[in-house]
Amino acid sequence: MFVGADSVTGVTEREGNRVADPTMASAADARDRVRFEDDALAHADQLYRIALRLTGSTQSAEELVQETYLRAFRSWRSYATGTNLAAWLATILRNIYLDEARRQSRRPVIESLDEQGDYYLYNHLAETAKEPQEAVLNRLAGGAIVDSLADVPPTFREVIVLVDVGGFSYKDAAEILDVPVGTVMSRLHRGRRLLKQALAERTREEKE
Amino acid sequence: MTVTDPCKGAELGLQAYLDRTLTPDEVSMIEVHLGECSYCRDRYHFEAKLRDTVRTVCCGDPVPEGLVDRVRLHCRDCG
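Criteria and cut-off values
Residues numbered from 1 in each chain as written. Chains lettered and ligands numbered in written order. Predicted model: local features only at pLDDT ≥ 70, side-chain atom pairs only at ≥ 80, totals over all residues. Axes fitted to C-alpha atoms, helices over the stretch in contact; angles between N-to-C directions. Helix = DSSP H or I, 4+ residues; strand = E, 2+ residues; numbered from the N terminus. Parallel < 35°, antiparallel > 145°, perpendicular 65-115°, else oblique. Left-handed = near helix turned anticlockwise from the far one by under 90°. Contact = placed C-beta atoms within 7 Å. Nonpolar A, V, L, I, M, F, W, Y, C, P; charged D, E, K, R; others polar. Domains from an automatic or database assignment. Core = buried A, V, L, I, M, F, W, Y, C linked by C-beta atoms within 7 Å. Buried ≥ 20, exposed ≤ 12 C-beta atoms within 10 Å, placed from the backbone.

Further remarks concern the packing of helix H3 (residues 58-74) of chain A against helix H4 (residues 67-78) of chain B. Working note: a packed helix pair is described by the angle between its axes plus the distance between those axes. Between H3(A) and H4(B), the shortest axis-to-axis distance is 9 Å and the interhelical angle comes to 50°. Our classification of the angle between H3(A) and H4(B) gives oblique. Viewed along their axes, H3(A) and H4(B) form a crossing whose handedness is right-handed. Counted together, Glu62(A), Val65(A), Gln66(A), Tyr69(A), Leu70(A) and Phe73(A) of H3(A) and Leu67(B), Arg70(B), Val71(B), His74(B), Cys75(B) and Cys78(B) of H4(B) form the full contact between these two elements. A class-by-class count of the residues in the contact of H3(A) with H4(B) yields 8 nonpolar, 2 polar and 2 charged.

Before going further, it helps to examine the domain arrangement of chain A. Residues and elements named next belong to chain A. In terms of domain boundaries, chain A breaks down into domain 1 (24-103) and domain 2 (120-207). Centre-to-centre, using C-alpha coordinates, domain 1 lies 26 Å away from domain 2. Opposite the 11 residues of domain 1 that make contact, domain 2 presents 11 residues. Secondary structure elements with two or more residues in the side of domain 1 that touches domain 2: helix H2 (44-55) and helix H4 (85-103). The element that contributes the greatest number of residues to the side of domain 1 that touches domain 2 is H2, accounting for 5 residues.

Moving on, we come to the nonpolar core. One finds Leu47(A), Ile50(A), Ala51(A), Val65(A), Leu93(A), Ile160(A) and Leu162(A) to be the most contacted residues of the largest nonpolar core, which totals 54 residues. Split by domain, the residues of this core number at least three in each of domain 1 (24-103) and domain 2 (120-207) of chain A. Leave out the neighbours within four places in its chain, and Val65(A) touches Ala44(A), Leu47(A), Tyr48(A), Ala51(A), Leu67(B) and Val71(B). Membership of the second largest hydrophobic core comes to 5 residues, among which are Ala10(B), Leu14(B), Ile30(B) and Cys40(B).

Looking now at the interface of chain A and chain B. In this assembly, 30 residues from chain A lie in contact with 25 residues from chain B. Contributing elements (two or more residues each) for the side of chain A that touches chain B: H2, H3, helix H6 (133-140), helix H7 (143-151), helix H8 (154-165) and helix H10 (181-207) of chain A. Looking at the side of chain A that touches chain B, the element that brings in the most residues is H3(A), giving 8 residues. Of the residues assigned to the side of chain A that touches chain B, the class counts are 15 nonpolar, 6 polar and 9 charged.

Rendered as structure tokens:
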């Protein structure tokens, strides 16, 4: 499904740039390529979990990961050795995801939602729940958190996913998203507030 | 922080505090407040727990068995 997505991979394609003389240089090249593939594949779990939280489906997540590796392997020469390989791969993954979202005209938009303060979820639980707030959290853990994360608009969700699920630093996330670090932090803060609102909604539904 | 209500100030600083992006002065201002205000302290603990929970839940997503093998196969077939 992701095959043939427009090539906005964030990396320079350098196919056809092969060494013309297939001698020792190409043997070394092949070894480098194998090493690159092994190094890249070591990040498969991390990429899969990011993909899962972006797409919301196990099938789409696996397809997204496969397409990411396909493009990564094709343009492996454009990876600068010594830089963050996981972030490089995540950039490709995210660009493919965006392409696909655009093609299905699910263009990520910044939705205007009334935004509550950071104490909102706790206050809501304190007013409505009969058990301690942390107990509610333990009970909610799992399905409700995953569902609530899916309710957060993509622009904000992807930052939470990169930082909390992908384990990327704000600086890495800024490079992956191609925005300033300050933007990463403001989107992250807003995303976390929206996640708490979504969780509050879920506890409300639960009671009804 | 220029908010006069210290609880409001603590709420505004919560995320930056947990992100460790505040200045040492701001951190100590918040910690002094948390030391004397259980209302804010409870909410800070809750937020930290919530972050942990989100991280644990999402990082615990099972990865399908044989993913890497299928990726290799896919890349061999299409590459």
